[in-house]
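# Coordinates in review
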Amino acid sequence: MILTYSSSFITHLLALLPASTSTSTRAVTSSLLHRSLQGSFGSILRYKLRSYCSASVNRGEFMASNIKVVQNPDSISYLNQREAAEIDEILMGPLGFSVDQLMVSGFRELAGLSVATAIAEVYNVKDYNRVLAICGPGNNGGDGLVVARHLYHFGYKPSVCYPKRTAKPLYTGLVTQLESLGIPFLSVDDLPMNLSEDFNILVDAMFGFSFYGTPRPPFDDLIKRLVSLQSYNEINKKPSVIASIDIPSGWHVEQGDTSGDGIKPDMLNFSGSHHFLGGRFVPPSIVDKFKLELPSYPGSSMCVRIGKTPQVDISSMRENYISPEFKEDEVDPDPFIQFHKWFDDAMAAGLKEPNAMALCTAGKDGKPSSRMVLLKGFDKDGFVWYTNYGSRKAKDLSENCYASLLFYWDGLNRQVRIEGCVAKVSEEESQHYFHSRPTGSQIGAIASKQSTVIPGRDFLHQQYKDLEAKLSDGSSIPKPNYWGGYRLKPEFFEFWQGQTSRLHDRLCYFPEQANGTNIWKIKRLAP
């Protein structure tokens, strides 16, 4: 289950009752209390998780997973309803925010983006791509409309059920945006009774913290369908999930699921598998006034994960790859050209460090070792990287020149394996590359006697600082003799393309002689 605060800037982060509040009360609310357009900006996103899906995200399809985990949710601060209301008054008073600025220009957009980001962080687009956003007539429904748009751009296939449309320009504009993307709007009658037949993810955006009373048609029926989804899943074992924005629709804001028959997200008391906080704008004056302890956000991430890392059955983790077929008549007869094509594809896909490769070596004792290094050049002569000549890999290569390289491009479902003999590049090449590096990297290469035992990190930093001071006159930094490049000359290539049901493509290049000429013979291996 996921919990994320999906609305605007501040109470968005701080939604729940004080940490000292009883377990039952905290379970009932998870309650920053979103009051209305002029009211509290806090919003909680709860996701129902009935079967865990790996939280890794296919970087080529969405984004690199860089969510920071806050292990102890009690280490952050929580606000009660009175405090949340006071923050609203401060934001729209002394701090100068207007309702239009927060609610119209940024509120809905930040809310929806936070929710969509958290969904994509946990639910892989390949396995959970069919989404239904059920939107109510108010602010909560606006969040759902924005979620649908962002999920569309993340590669999901959203549909929207919006039975009671709001005539306000903000909402009609959101509808127009979705229609322009070809996102279908479905009536209640269009939906199956068992929503899991057509959808993997159900976004409950009907009612939020400002709702009171008993849900009226058609929302009462839609809530019943979400409630019945759990029994359908238990019978049919379908891995559909529910994501409720704010609180589950139909719950009493203060007392929770009073009837016991409402929508029941798995995470109610910081005990679920997935708990996110979204949004990241807290003025220092509010931090000081309420003595807040807030989590930090990594980089430009919209979310920070709260609580324990999800426990999973590792044996059940698998990926069903979907890729174009990789056929013999489509590959280049020259493996260097084929590698260049795939490397260009990895670059165009925006993958992080597509030049990262696993280098595997073994010394005369036959014991293998592997590490990630960065490719720094390739041509017909081979594949080049740079390192310390006193390192473990350098020792291995001095005893056994044979090594292998492995490139893994997750976002493209591809990997390339290359085997061959390794030799040092020329001193001229090493000199040229060394002096092309940033000054800090040059100093670091000198300061670190790679693979030797050191007393601690402070020692390494001191070595660096001493060298930095010594080499601060602006003159060229000399390359140390114990640092330089290696080149692997390929004797074998394998190009691997992931496919469904483990029927992967494996096309290999083997060197052969034909009429006195060296050629590459392409053969397919069974996966």
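Provided above is the structure to which this section pertains.
For the structure given in this document, a descriptive report is provided here. (Residues numbered from 1 in each chain as written. Predicted model: local features only at pLDDT ≥ 70, side-chain atom pairs only at ≥ 80, totals over all residues. Heavy atoms only, no water.)

### Description of the overall build of the protein chain
- Scanning the protein chain for helices and strands turns up twelve helices and 18 strands.
- For the protein chain, the residues scored as buried account for 50% of the 527 residues in total.
- In the protein chain, once contacts between residues fewer than 6 apart in sequence are set aside, the share between residues at least 24 apart is 77%.
- Of the accessible surface of the protein chain, which amounts to about 24,400 Å², a share of 52% is contributed by carbon and sulfur atoms. (Helix = DSSP H or I, 4+ residues; strand = E, 2+ residues; numbered from the N terminus. Buried < 20%, exposed > 50% of the residue type's maximum accessible area, 1.4 Å probe, protein only. Contact = heavy atoms within 4.5 Å. Areas by Shrake-Rupley, 256 points an atom, 1.4 Å probe, with all protein chains shown as cover.)

### A short note on the pairing of strand β14 (residues 402-409)
- Judged from the three bridges that link them, strand β10 (residues 356-362) and β14 form a sheet pairing that is antiparallel. Across the sheet, Leu-359 pairs through a bridge with Leu-405, a residue of β14.
- Two elements, β14 and strand β15 (residues 414-424), share eight bridges in a ladder whose sense is antiparallel. Bridge pairing links Tyr-402 to Cys-421 in β15.
- Connecting the antiparallel pair β14 and β15 is a turn made up of four residues, with Asn-413 showing a positive phi of about 55°. (Pairing = 2+ DSSP bridges.)

### Observations regarding the state of the cysteines
- In total, this model carries one disulfide according to the counting rule given.
- The disulfide bridge from Cys-401 ends at Cys-421, spanning 2.0 Å between sulfur atoms. Looking along the S-S bond of the Cys-401-Cys-421 disulfide, the torsion reads about -115°, which is the left-handed sense. You can see Cys-401 sitting in the loop between α9 (392-399) and β14 and its partner Cys-421 sitting in strand β15, a full 20 residues away along the chain.
- Note on Cys-421: relative accessible area 24%, which makes it partly exposed. (Disulfide = S-S within 2.5 Å.)

### Focus on the nonpolar core
- One finds Ile-119, Val-160, Ile-201 and Val-203 to be the most contacted residues of the largest nonpolar core, which totals 35 residues.
- Of all the elements, helix α3 (residues 99-122) adds the most residues to this core, at six residues.
- Those residues in contact with Ile-201 that sit more than four places away from it in its chain are Ile-119, Tyr-123, Tyr-128, Arg-130, Val-131, Leu-132, Tyr-156 and Val-241.
- Counting 30 residues, the second largest nonpolar core, distinct from the first, contains Phe-336, Trp-385, Leu-397 and Leu-405. (Core = buried A, V, L, I, M, F, W, Y, C linked by side-chain atoms within 4.5 Å.)

### Focus: helix α4 (residues 139-153)
- In a regular helix each residue adds 1.5 Å, so 15 residues correspond to 21 Å; α4 covers 22 Å between its end C-alpha atoms and thus fits that length.
- Extensive coverage of α4 is indicated by the burial of 13 of its 15 residues.
- Among the residues trailing α4, Gly-155 stands out with phi positive, at a value near 105°. (Expected span 1.5 Å × (residues − 1).)

### Brief notes about helix α11 (residues 439-447)
- Inspection of α11 places Gln-442, Ile-443, Ala-445, Ile-446 and Ala-447 among the buried residues, and these make up the whole buried set.
- Elements in contact with the buried residues of α11: β13 (382-388), α10 (427-434), α12 (457-470) and β16 (483-497).

### Some words on unusual backbone geometry
- Note that the residue after Pro-217, namely Pro-218, is joined by a cis bond; omega there is 0°.
- Within the secondary structure, Pro-218 sits in the loop between β6 (201-205) and α6 (219-236).
- In this structure, Lys-291 is a non-glycine residue whose phi angle is positive, near 50°.
- Inspection of the secondary structure assignment puts Lys-291 in the loop between α7 (284-289) and β9 (303-306).
- Notably, Ser-451 is not glycine yet its phi reads approximately 75°, a positive angle.
- Relative to the helices and strands, Ser-451 resides in the loop between α11 and α12.

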